[in-house]
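A structural walkthrough
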Amino acid sequence: LNVVTDTGSARHFGDAAPLGHDAAYDRAEEWLGGIRDLWRSWGDGALLADAATGIYADGSKLQPVRHRGEHFSFDGPLNAVPFTDGDPVIASPGGSGRGLSFAGANSDVQLALAPLNEKSVREYRARIHEAAALRGRAPGDIRIMFAIQPVLVASAEEADRLVEASAHPDD
């Protein structure tokens, strides 16, 4: 599940004004916390799916969910087949301080946009690991996936020129 915080998406929720940067992460934290409660609302043994008896679920093993937050209100339990192998993998982009904090607390995969040189990759990785530790998680809990942005050019000479320019961006 790729959790993208978009400051302009408030219009999709009936709000005319866009959210601020940190408020978009606050909304994402609230949503993810609520959705995790729904994912975990089926207790052990709740799913029976017994064709012989026609009983699908043991309702006594479903946990009620009542979420009332700043951005979302919903009730549960989840009305779909529960996950059987834990929660889905959570991925998130975002290199700001708030984005790194969100990843440190929530993400299994951090989608990183950084210059692909050894120094910047190591620095970004260290910031993600620090964010995980600050939120009580082990650095290895978060995988980092660096995005590659290919550039198509008309010739090998142009490709060589771009590679050389990227190696010395301050020249």
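Notes on the structure in this doc start here. Owing to the predicted nature of the structure, the values given are computational and were not obtained by experimental measurement. (Residues numbered from 1 in each chain as written. Predicted model: local features only at pLDDT ≥ 70, side-chain atom pairs only at ≥ 80, totals over all residues. Heavy atoms only, no water.)

On to the pairing of strand 4 (residues 73–76). Judged by which residues are buried, strand 4 turns out to be one-sided: Phe74 and Gly76 face inward and are buried, whereas Ser73 and Asp75, on the alternate face, are not. Pairing of strand 3 (residues 65–68) with strand 4 involves four bridges; the strand directions are antiparallel. Residue His67 lies in a different strand from strand 4, and its bridge partner there is Phe74. (Buried < 20%, exposed > 50% of the residue type's maximum accessible area, 1.4 Å probe, protein only. Helix = DSSP H or I, 4+ residues; strand = E, 2+ residues; numbered from the N terminus. Pairing = 2+ DSSP bridges.)

Burial analysis of helix 2 (residues 97–106) places seven of its ten residues in the buried class, the great majority of the element. Looking only at helix 2, the buried set comprises Arg98, Gly99, Leu100, Phe102, Ala103, Gly104 and Asn106. Where the residues of helix 2 are buried, they touch helix 1 (21–39), strand 5 (91–93), strand 6 (109–112) and helix 3 (118–134). (Contact = heavy atoms within 4.5 Å.)

Now for the layout of surface pockets. Taken as a whole, the largest pocket encloses approximately 300 Å³ of empty space. Around the largest pocket sit 13 residues that line it, and Ile148, Gln149, Val151, Leu162 and Ser166 are the ones nearest its centre. (1 Å grid on protein atoms, 1.4 Å probe; cavity = no way out; pocket = protein on both sides within 12 Å on 5 of 7 lines; lining within 4 Å. Points joined across faces, edges and corners; volume = space filled by probe spheres on them.)

Counting 15 residues, the largest nonpolar core has Leu32, Leu38, Trp39 and Phe102 as the members making the most contacts within it. It is helix 1 that provides the largest number of residues to this core, a total of six residues. Among all residues touching Trp39, those that are not within four sequence positions of it are Leu1, Leu32, Leu78, Phe83, Asp87, Pro88 and Ile90. Counting eight residues, the second largest nonpolar core, distinct from the first, contains Ala114, Tyr124, Ala132 and Ile142. (Core = buried A, V, L, I, M, F, W, Y, C linked by side-chain atoms within 4.5 Å.)

The subject of this paragraph is the packing of aromatic side chains. Per the counting criterion, the structure on display carries three aromatic pairs. Seen in terms of ring centroids, Tyr25 and Phe102 are 5.8 Å apart; in terms of plane orientation they differ by 50°. Their pairing is tilted. Taken together, the residues span a long stretch of sequence, with Tyr25 in helix 1 and Phe102 in helix 2 at a distance of 77 residues. When sorted by exposure, Tyr25 lands in the same class as Phe102, which is buried. With a centroid separation of 5.8 Å and an interplanar angle of 65°, the aromatic rings of Tyr124 and Phe146 are classed as edge-to-face. Here Phe146 lies in strand 7 (residues 143–146) and Tyr124 lies in helix 3, a separation of 22 residues in the sequence. On the basis of relative accessibility, which here comes to 4%, the residue Tyr124 falls in the buried class. Taking the relative accessible area as the measure of exposure, Phe146 reaches 21% and is therefore partly exposed. (Phe/Tyr/Trp six-rings, centres within 6.5 Å; stacked < 30°, edge-to-face > 60°.)

Attention shifts here to the side chain of Arg137. Of note, Arg137 is situated in the loop between helix 3 and strand 7. For Arg137, the side chain forms a polar contact with the main-chain oxygen of Ala103, separated by 3.2 Å. Those residues in contact with Arg137 that lie beyond four places of it in its chain are Ala103, Gly104, Ala105, Asn106, Ser107, Asp108, Ala132 and Ile142. (Polar contact = N/O pair within 3.5 Å; in protein donor to acceptor, adjacent residues only side chain to side chain.)

Moving on to the packing of helix 2 against helix 3. Direction vectors running N to C along helix 2 and helix 3 enclose 60°, while the axes themselves pass 7 Å from each other. Our classification of the angle between helix 2 and helix 3 gives oblique. Like other packed secondary-structure pairs, helix 2 and helix 3 cross with a definite hand, here right-handed. Across from Leu100, Ser101 and Gly104 in helix 2, the residues of helix 3 making contact are Tyr124, Arg127, Ile128, Ala131 and Ala132. (Axes fitted to C-alpha atoms, helices over the stretch in contact; angles between N-to-C directions. Parallel < 35°, antiparallel > 145°, perpendicular 65-115°, else oblique. Left-handed = near helix turned anticlockwise from the far one by under 90°.)

Interpretation in functional terms is not warranted from these geometric data alone.
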